Amino acid sequence: MRRIRCHYASGEAFAAALRAAGDEQALQVFTTERFEPGEEVLAEVFFTGMNGKMLIRAIGKKWHMARPRLRVRAGGVLRCAGSEWRKLQYLREVALGRATMAPRRRHLRQPVLVEIRWRRSDASDLVPATISEISEAGALLLTDAGLTLGEEIIIEITTPGGARPLELTSIVRNTRNPEGGVGVEFMRRNSGGLTRIREVIRRLVDQ
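Residues numbered from 1 in each chain as written. Predicted model: local features only at pLDDT ≥ 70, side-chain atom pairs only at ≥ 80, totals over all residues. Heavy atoms only, no water.

**Some points on the sheet that holds strand β1 (residues 2-8)**
On the basis of which strands lie adjacent, the open sheet formed by five strands has the order β1-β3-β4-β5-β2 and mixed pairing. On the outer flanks of this sheet lie β1 and β2 (26-30), each paired with one strand and no other. For this sheet, the mean inter-axis angle between neighbouring strands, taken without regard to orientation, is 45 degrees. Relative to strand β4 (residues 54-64), strand β3 (residues 40-47) runs antiparallel, the two being bridged by six bridges. Across the sheet, Leu42 pairs through a bridge with Arg57, a residue of β4. Where helix α2 (residues 82-95) meets the sheet, it contacts β2, β3 and β4, and its direction lies at approximately 100 degrees from that of β4. (Pairing = 2+ DSSP bridges. Helix = DSSP H or I, 4+ residues; strand = E, 2+ residues; numbered from the N terminus. Axes fitted to C-alpha atoms, helices over the stretch in contact; angles between N-to-C directions. Contact = heavy atoms within 4.5 Å.)

So this is what it looks like as structure tokens:
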């Protein structure tokens, strides 16, 4: 999946790009990197004053070349849905000064959308769920099951091309995520565990 840089001169410029898209759940972007309608991309969103960058999973709607005589910059429109659109809404509140962005994470979370199964460490029953973000440190788990802070769970992820599921021991660290879901931290145990997590992320992001 290609990454598209979507940088804005200010928070006001970013908010204006949301309005200018002229479509629900859409963002106007300025980039010379051509994308096709229907193409899935990672949008690297940043505006001056923002505490770090945010990656958004998006679908290309339209793109146009620059028209210097008309003072039109190269760019187009990306569309988002679900939790990805909620991220943009949150960034708009930050841009307009109505919300404060949390401190930058040490590990950048990659937006994904992958079906997984999980179980409590003391149980054998597997529960279907979805992961919408993942990093070397942890993931955002979308599940309706009631999980509590500090609870240990085992997450099973089958990656593209994987012969069998990979098990990741995790600890619940956040049950009040503003985007919904449960934040979990991966327990690496050893350096081999970190290597395995990196490989999982690579396969999921590149699919």
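**Description of the nonpolar core**
Membership of the largest hydrophobic core comes to 27 residues, with the highest contact counts inside it found for Phe14, Leu27, Val45 and Leu88. Elements supplying a minimum of two residues to this core: β1, α1 (11-20), β2, β3, β4 and α2. Among the elements that line this core, the one with the most residues is α2, at five residues. Contacts of Phe14, omitting those with residues within four sequence positions, involve Tyr8, Leu27, Val45, Phe47, Leu88, Leu91, Arg92 and Ala95. Grouped together as the second largest cluster of nonpolar side chains are 22 residues, Trp118, Ile155, Leu168 and Ile201 included. (Core = buried A, V, L, I, M, F, W, Y, C linked by side-chain atoms within 4.5 Å. Buried < 20%, exposed > 50% of the residue type's maximum accessible area, 1.4 Å probe, protein only.)

**Remarks on the state of the cysteines**
The final tally for this structure, using the stated rule, is zero disulfides. For the unlinked cysteine Cys6, the closest cysteine sulfur is that of Cys80, found at 9.0 Å. You can call Cys6 buried: its relative accessible area is 0%. (Disulfide = S-S within 2.5 Å.)

**Quick look at the sheet that holds strand β6 (residues 110-120)**
Note: strands within a sheet are paired through backbone hydrogen bonds, in either parallel or antiparallel orientation. One closed barrel accounts for six strands, arranged β6-β7-β8-β11-β10-β9; its pairing is antiparallel. Ignoring strand direction, the axes of neighbouring strands in this sheet form an average angle of 45 degrees. Across four bridges, the pairing between strand β8 (residues 138-142) and strand β11 (residues 182-186) is antiparallel. Paired with Leu140 across the strands is Gly183, a residue of β11.

**Quick word on the layout of surface pockets**
Empty pockets left among the atoms are what a rolling probe the size of a water molecule brings to light. What the second largest pocket holds in volume is close to 220 Å³. Forming the walls of the second largest pocket are 13 residues, and the residues nearest its centre are Glu40, Arg57, Ala81, Glu84 and Leu113. Elements with a contribution of two residues or more to the lining of the second largest pocket: β4, α2 and β6. Per-element accounting of the lining of the second largest pocket gives the leading share, three residues, to β4. Residue classes in the lining of the second largest pocket are distributed as seven nonpolar, two polar and four charged. (1 Å grid on protein atoms, 1.4 Å probe; cavity = no way out; pocket = protein on both sides within 12 Å on 5 of 7 lines; lining within 4 Å. Points joined across faces, edges and corners; volume = space filled by probe spheres on them. Nonpolar A, V, L, I, M, F, W, Y, C, P; charged D, E, K, R; others polar.)

**Focus: the packing of aromatic side chains**
To describe a pair of aromatic rings, you give the distance between the ring centres and the angle between the ring planes. Summed over the entire model, instances satisfying the criterion amount to three aromatic pairs. Consider the rings of Tyr8 and Phe14, whose centres lie 5.6 Å apart with planes at 70 degrees: the pair is edge-to-face. Judged by relative accessible area, Tyr8 falls into the buried class, the value being 5%. According to the relative accessible area criterion, Phe14 is buried, its value standing at 0%. Their ring planes at 70 degrees and their centres at 6.4 Å tell us that Tyr8 and Phe30 sit as a pair that is edge-to-face. One end of the pair, Tyr8, is in strand β1; the other, Phe30, is in strand β2, and 22 residues separate them in sequence. The structure contains a cluster of three or more aromatic residues connected by ring pairs, namely Tyr8, Phe14, Phe30 and Phe47. (Phe/Tyr/Trp six-rings, centres within 6.5 Å; stacked < 30°, edge-to-face > 60°.)

**Looking at the pattern of salt bridges**
Applying the stated criterion to the full structure yields twelve salt bridges. As a salt-bridge pair, Glu39 and Arg2 come within 3.0 Å of each other at their nearest N and O atoms. Of this pair, Glu39 sits in the loop between β2 and β3 while Arg2 sits in strand β1; the two residues are 37 residues apart in sequence, bridging distant segments of the chain. Given a relative accessible area of 22%, Glu39 falls into the partly exposed group. One salt bridge connects Arg98 with Glu93, and the closest N-O pair in it is separated by 2.9 Å. Salt bridges sharing partners connect three or more residues here, namely Arg3, Glu44 and Lys53. (Salt bridge = Lys/Arg side-chain N within 4 Å of Asp/Glu carboxyl O.)

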